[in-house]
Amino acid sequence: MQQTLSIIKPDAVKKGVIGKIVDRFESNRLRVAAMKKVRLSKCDAKAFYAVHSERPFFNDLVDFMVSGPVVVMVLEGENAVAKNRDLMGATNPKEAAPGTIRADFADSIDANAVHGSDSLENAKNEIAFFFATREIC
């Protein structure tokens, strides 16, 4: 049993597709172990995406992530990290397979609807960034 972090980004929250995205996870045997809607501060977004701080898109990413509320979730299940990545689809929605979250709900490579941990190690760190142990059921 693995846990991973998923974020429904501001563009998808604004579109009102939170329930549709959560249904994709639950329909594919990923259980929501924790979930909350938050508004990231600039400091939060910079800290969370610090791994990308030297990349040219960093400031745009931070600005996007603070542009509206996000929904953060701990998803749990067999091979949760890989399953979540498969369900999300390619970062660029134009390259995402039909039926993936990004193909169905994302507008662009920048406004790409969801974030998901890319490894077990990052999942643990990302989950700890947003959730106290007592918040995960």
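Fair warning: this is a prediction, and the values are worked out from it, not measured in the lab. (Residues numbered from 1 in each chain as written. Predicted model: local features only at pLDDT ≥ 70, side-chain atom pairs only at ≥ 80, totals over all residues. Heavy atoms only, no water.)

Brief notes about the UniProt feature "active site" (unreviewed entry) in the chain
Mapped onto this numbering, the UniProt entry annotates "active site" (unreviewed entry) at His115. Relative to the helices and strands, histidine 115 is located in strand β4 (residues 114-116). Setting aside chain neighbours within four positions, we find histidine 115 in contact with Leu5, Ser6, Ile7, Lys9, Phe48, Tyr49, Met88, Arg102 and Glu126. (UniProt positions renumbered as here; feature names shortened; annotations may be inferred. Helix = DSSP H or I, 4+ residues; strand = E, 2+ residues; numbered from the N terminus. Contact = heavy atoms within 4.5 Å.)

Thoughts on the environment of proline 93
Relative to the elements of secondary structure, proline 93 occurs in the loop between α5 (80-88) and α6 (101-105). Spatially, the C-alpha atoms of proline 93 and alanine 106 are 6.0 Å apart, while their sequence positions differ by 13 residues. When neighbours within four sequence positions are excluded, proline 93 is seen to be in contact with Arg102, Ala103, Ala106, Asp107, Ser108 and Ile109.

Points about helix α7 (residues 120-130)
Within the sequence span of α7, burial applies to Ala123, Glu126, Ile127 and Phe130. The arc enclosing the buried residues of α7, seen along the axis, measures out at 100°, which places them on a common side. Of the residues in α7, the exposed ones pointing more than 90 degrees away from the buried face are Glu121, Lys124 and Ala128. For α7, the secondary structure elements touched by its buried residues are β1 (2-8), β2 (31-38), α3 (42-48), β3 (70-77), α5 and β4. (Buried < 20%, exposed > 50% of the residue type's maximum accessible area, 1.4 Å probe, protein only. Arc of directions from axis to C-beta.)

Things to note about the UniProt feature "domain: Nucleoside diphosphate kinase-like" (unreviewed entry) in the chain
According to UniProt, the feature "domain: Nucleoside diphosphate kinase-like" (unreviewed entry) maps to residues 1-137 in the numbering used here. Across residues 1-137 one finds 41% helix and 19% strand; the C-alpha atoms that close the span lie 14 Å apart.

Here's the deal with the side chain of glutamate 126
Relative to the assigned elements, glutamate 126 resides in helix α7. Despite its burial, glutamate 126 pairs with no opposite charge, the nearest such side chain being arginine 85 at 7.5 Å. Among residues more than four places away in sequence, those in contact with glutamate 126 are Leu5, Phe48, His115 and Ser117. (Lys, Arg positive; Asp, Glu negative; His and termini not counted. Salt bridge = Lys/Arg side-chain N within 4 Å of Asp/Glu carboxyl O.)

Some words on the pairing of β1
Most of β1 sits inside the fold, with five of its seven residues counted as buried. Relative to β4, β1 runs antiparallel, the two being bridged by three bridges. By the bridge assignment for β4, isoleucine 7 is matched with histidine 115. (Pairing = 2+ DSSP bridges.)

Remarks on the packing of aromatic side chains
Under the criterion given, the structure shown has four aromatic pairs. When the ring of phenylalanine 129 is compared with that of phenylalanine 130, the centres are 5.0 Å apart and the planes differ by 70°; the resulting orientation is edge-to-face. Through a chain of ring-to-ring contacts, the aromatic side chains of Phe48, Tyr49, Phe129 and Phe130 assemble into a single cluster. The ring of phenylalanine 131 has lysine 36 sitting right over it, with the charged end atom 4.7 Å from the ring centre. (Phe/Tyr/Trp six-rings, centres within 6.5 Å; stacked < 30°, edge-to-face > 60°. Lys NZ or Arg CZ within 6 Å of the ring centre and 35° of its normal.)

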